[in-house]
Amino acid sequence: MARSGLAAAARVAHWADAALRPGRDGASPDGKGALSDATAERAARDLGLTVAQVRADWDTARLAGLVEVHGDSARPGWRLRAWDRDDSAVLRGWVALFDAWSLAHPEPEQHAHGAVSDVVSALPQVLSFLQLSAGPVPVEQLLDLLEQRVTELRTERCEIPYVPPVAHHPYEEALRAAPSDSEPLPGAPPAEDTEDTPLAPLLDWALHALASVGALTYGDGQATLTPLGSWAVWVKLEQICVAAQSPAGNIEQAAEDMLRGCAQLRPNAARDEYRAWLAARPVGSAVTELLGAARGDDALLRGLAFEALRVVGAPAEPDVRAVADEPTLRPYALLWLAEHDGIDPEDAHEVLTREEATWLWVDTAAAVADHGEAPMLVRHLESAVQPTVPMLLDEVRAVGHPRTVQVLVALAAAHPDPALAKAVRRAAFQVHTGGS
């Protein structure tokens, strides 16, 4: 259903990718990523559409993330690249369009922005009631619910005690606990100027907008969620609940502190924490923050950051691919990309060169030395690609990792074999003095 609903947008996005190479001349220089008149007319001729259809499909492609706008240029989004092989990318694209329903259908110009903002903020409660009803709901009933919620929002803004109506759905309670974005838009009339605005026309606009993105059907004085719309409401509920129930309480922390808080957790518990942390943030900024933590001096955080990026999945691909040329992050990025492309995690190390694998061995050893126990560091020897310790020491000396000396000193102190410990100490001394 999501694929068919976005098919027209994907067609225009694929056309632009092939015919215009977005990022060069696929968008006008107005900073909005809108197609130029000439480009829209060319697309209409090539695709057998009207110019209006092309523009509408292009706007949908932008809202769904099939096209990403950067300043006055546009380029294919990761969802377009994954369109044919990843159903989850299609679903994510539709959810992005669902989130942007108020942009997909122009708002009534005659109404104050403040009133429109109140209706947009109140709609999740209306949608949750539709989901709970599991069938057609008269518009009059939805209007009563909308008026109650808008009144509640306006009362909360005025900080006047208010007894909320009985909740119809757990989605409502979760939304009340979540941060509110219902403040009037900049330049909007004061709240009191919007109180006399009739809400029926705005509800009509909202239902038409949600119908235009495929979230519901609307006609004959009633509205019904589509299966896709019903699923999306539960997705939003799950995101809010996960964000509100961070297992280890790190949801408000910056990426570095969150990762440190996960260092002592078991893998499954850590992944739950990553999911909660990610659910509370836009994906793009979360990925940027995780990669920033990975660039630090703590090798443990580097490894944990890429574990969190595995939870992010496909949306992180462009950013991970972009850092693959950074020496510090390259081995981690290559392994992440290999696993993302479907290579078995046990075989993913084969994408690394011998030098990259050695660098990663030293980096991981640094994490163990800083945060683990001596026996763990000794066992780490078994993970080296080199068949013998002398070969490992030779290649470790050559790889140039900044923590080589500290790692070798720690390994020498931890190893129970005096002869091997002596050889490792000698290698550490040679690296420290620049000898061979």
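With that out of the way, let us pick up helix α4 (residues 51-63). Taking 1.5 Å per residue as the helical rise, α4 with its 13 residues ought to reach 18 Å, and the 19 Å between its terminal C-alpha atoms agrees with that figure. Just downstream of α4, Gly65 is the residue with a positive phi angle, here 80°.

The way to describe two aromatic rings as a pair is by their centre distance and the angle between their planes. Applying the stated criterion to the full structure yields two aromatic pairs. On the numbers, 5.6 Å between centres and 25° between planes, the contact of Phe306 with Tyr332 is stacked. Separated by 26 residues along the polypeptide, Phe306 in helix α17 (residues 299-312) and Tyr332 in helix α19 (residues 330-340) bring together distant segments of the chain. Each of the two residues, Phe306 as well as Tyr332, counts as buried.

On to the sheet that holds strand β5 (residues 222-225). Here we have three strands laid out as an open sheet, ordered β3-β5-β4, and antiparallel in their pairing. If you trace the sheet from one side to the other, it starts and ends with β3 (137-138) and β4 (216-219), each paired once. Examined bridge by bridge, β4 and β5 share four bridges and lie antiparallel to one another. Residue pairing across strands places Thr217 opposite Thr224, the latter belonging to β5. Taken strand by strand, helix α8 (residues 113-133) contacts β3, β4 and β5, and its axis lies near 75° from that of β5.

This part covers the confidence of the model for the protein. Per-residue confidence for the protein gives a mean pLDDT of 79, with 81% of residues at or over 70. Here residues 159-192 is a poorly scored stretch, pLDDT under 50, and it has 58 contacts once near neighbours within four places are set aside; other chains count.

In the structure shown here, the tally under the stated rule is 18 salt bridges. A salt bridge links Arg62 to Asp59; the shortest N-O distance between them is 3.6 Å. Within this pair, Arg62 and its partner Asp59 are both found in helix α4, separated by three residues, close to a single helical turn. By relative accessible area, Arg62 is classed as partly exposed at 29%. Among the residues examined, Asp59 registers a relative accessible area of 37% and is labelled partly exposed. Here the residues in one salt-bridge network are Glu256, Arg260 and Asp298, joined through shared partners.

Parameters and conventions
Residues numbered from 1 in each chain as written. Predicted model: local features only at pLDDT ≥ 70, side-chain atom pairs only at ≥ 80, totals over all residues. Heavy atoms only, no water. Helix = DSSP H or I, 4+ residues; strand = E, 2+ residues; numbered from the N terminus. Expected span 1.5 Å × (residues − 1). Phe/Tyr/Trp six-rings, centres within 6.5 Å; stacked < 30°, edge-to-face > 60°. Buried < 20%, exposed > 50% of the residue type's maximum accessible area, 1.4 Å probe, protein only. Pairing = 2+ DSSP bridges. Contact = heavy atoms within 4.5 Å. Axes fitted to C-alpha atoms, helices over the stretch in contact; angles between N-to-C directions. pLDDT = per-residue confidence, 0-100. Salt bridge = Lys/Arg side-chain N within 4 Å of Asp/Glu carboxyl O.

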